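Residue-level structure breakdown
Chain by chain, the residues:
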Amino acid sequence: MDTQREDAHGGICGICGQPVKGHDAHQQHDEGRPARRGKSVTYVVVELRGATAHFQATDDPTRTFRTGAADLAGQLGIGPSGLLDCRYTCWVEPTEYGVVRSEFTLA
């Protein structure tokens, strides 16, 4: 019976089907909104190649990421020519399809 299975595991997550016990992927705030999984990360633009901006996290320069230079400049409210050596922070949140970056601000 499913009810016994759910009770034995402390409940099954209605979103992903995983046991709720020890599973914080879909925690909620007191107001019932889903809790955000992720963190604020500071990046620096290290290179511009054509229409692509290459950036690194300031606390982990071992990995370089790429994005459209015009898109990043638009998110930051600056011109593409001001991107090189630009420091900015954004909210980085893992999703089932990759990482979503949002809430861009100049650092």
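For the structure itself, consult the block above.
The structure reproduced in this document is the subject of the present report. (Residues numbered from 1 in each chain as written. Predicted model: local features only at pLDDT ≥ 70, side-chain atom pairs only at ≥ 80, totals over all residues. Heavy atoms only, no water.)

**Quick look at the overall build of the protein chain**
The cut-off we apply is this: Each helix is a run of DSSP H or I of at least 4 residues and each strand a run of E of at least 2, with the numbering of both proceeding from the N terminus. Buried, partly exposed and exposed residues are distinguished by accessible area as a fraction of the type maximum, computed with a 1.4 Å probe on protein chains only: under 20%, between the cut-offs, and over 50%, respectively. By the convention used here, residues are in contact when the closest approach between their heavy atoms is within 4.5 Å.
Each helix and strand counted, the protein chain has two helices and five strands in total. Sequence-ordered secondary structure for the protein chain, helices as α and strands as β, is α-β-β-β-α-β-β. In the protein chain, buried positions account for 23% of the 107 residues. Contacts in the protein chain between residues at least 24 apart in sequence constitute 35% of all its contacts with a sequence separation of at least 6.

**Thoughts on the packing of aromatic side chains**
This is how it is decided: Two rings from Phe, Tyr or Trp (for Trp, the six-membered ring) form a pair when their centres are within 6.5 Å of each other. A pair whose planes differ by under 30 degrees is stacked, one over 60 is edge-to-face, and the rest are tilted. We call a charge positioned above a ring when the Lys NZ or Arg CZ atom is no farther than 6 Å from the ring centre and deviates by at most 35 degrees from the ring normal.
All told, the structure shown has six aromatic pairs when counted by the stated rule. Residues Tyr 43 and Phe 55 carry aromatic rings whose centres are separated by 5.1 Å and whose planes lie at 90° to one another, so their mutual orientation is edge-to-face. With Tyr 43 in strand 1 (residues 39–49) and Phe 55 in strand 2 (residues 52–57), the pair connects residues that are 12 residues apart, well separated along the chain. Connected via pairs of aromatic rings, a cluster forms that spans Tyr 43, Phe 55, Phe 65, Tyr 88 and Phe 104. It is Arg 101 that lies over the ring of Phe 65; its NZ or CZ is 4.9 Å from the centre.

**Observations regarding the side chain of His 54**
Note that His 54 resides in strand 2. The class of His 54 is buried, set by a relative accessible area of 9%. Discounting chain neighbours no more than four positions away, the residues touching His 54 are Val 44, Val 45, Val 46, Glu 47, Arg 49, Thr 64, Phe 65 and Arg 66.

**Structural notes on helix 2 (residues 69–76)**
Put simply, the test is: The arc in question is the one traced by the directions running from the helix axis out to the C-beta atoms.
Inspection of helix 2 places Ala 69, Leu 72, Ala 73 and Leu 76 among the buried residues, and these make up the whole buried set. For helix 2, the buried positions fall inside an angular range of 100° around the axis, keeping them on one side. Residues Ala 70, Asp 71 and Gly 74 are exposed on helix 2 and point more than 90 degrees away from its buried face. The elements touched by buried residues of helix 2 are strand 1, strand 2, strand 3 (60–68), strand 4 (87–95) and strand 5 (98–106). Downstream of helix 2 by a residue or two, Gly 77 has a phi angle that is positive, lying close to 75°.

**What about the nonpolar core?**
This is how the line gets drawn: As used in this record, nonpolar core signifies buried Ala, Val, Leu, Ile, Met, Phe, Trp, Tyr and Cys residues forming a set joined through side-chain atoms within 4.5 Å.
The biggest cluster of nonpolar side chains holds 16 residues, and the ones touching the most others in it are Tyr 43, Val 45, Leu 72, Leu 76, Leu 83 and Tyr 88. Counting residues per element, the ones that place at least two in this core are strand 1, strand 2, helix 2 and strand 4. By residue number, the principal contributor to this core is helix 2, which donates four residues. With residues up to four places along the chain from it excluded, the contact list for Tyr 43 reads Phe 55, Gln 56, Ala 57, Thr 58, Phe 65, Cys 86, Arg 87, Tyr 88, Cys 90, Val 92 and Arg 101.

**Comments concerning the pairing of strand 2**
Condition: Strand pairing follows a simple DSSP-based rule, namely that at least 2 bridges must link the two strands.
Where burial is concerned, most of strand 2 is hidden: five out of the six residues are buried. Examined bridge by bridge, strand 1 and strand 2 share six bridges and lie antiparallel to one another. In the sheet register, Arg 49 faces strand 2, and the bridge partner there is Thr 52. Taken together, the five bridges between strand 2 and strand 3 define a ladder with antiparallel strand orientation. Counted as the bridge partner of Thr 52 is Gly 68 from strand 3. A loop of two residues connects strand 2 with strand 3, the two strands running antiparallel in sequence.

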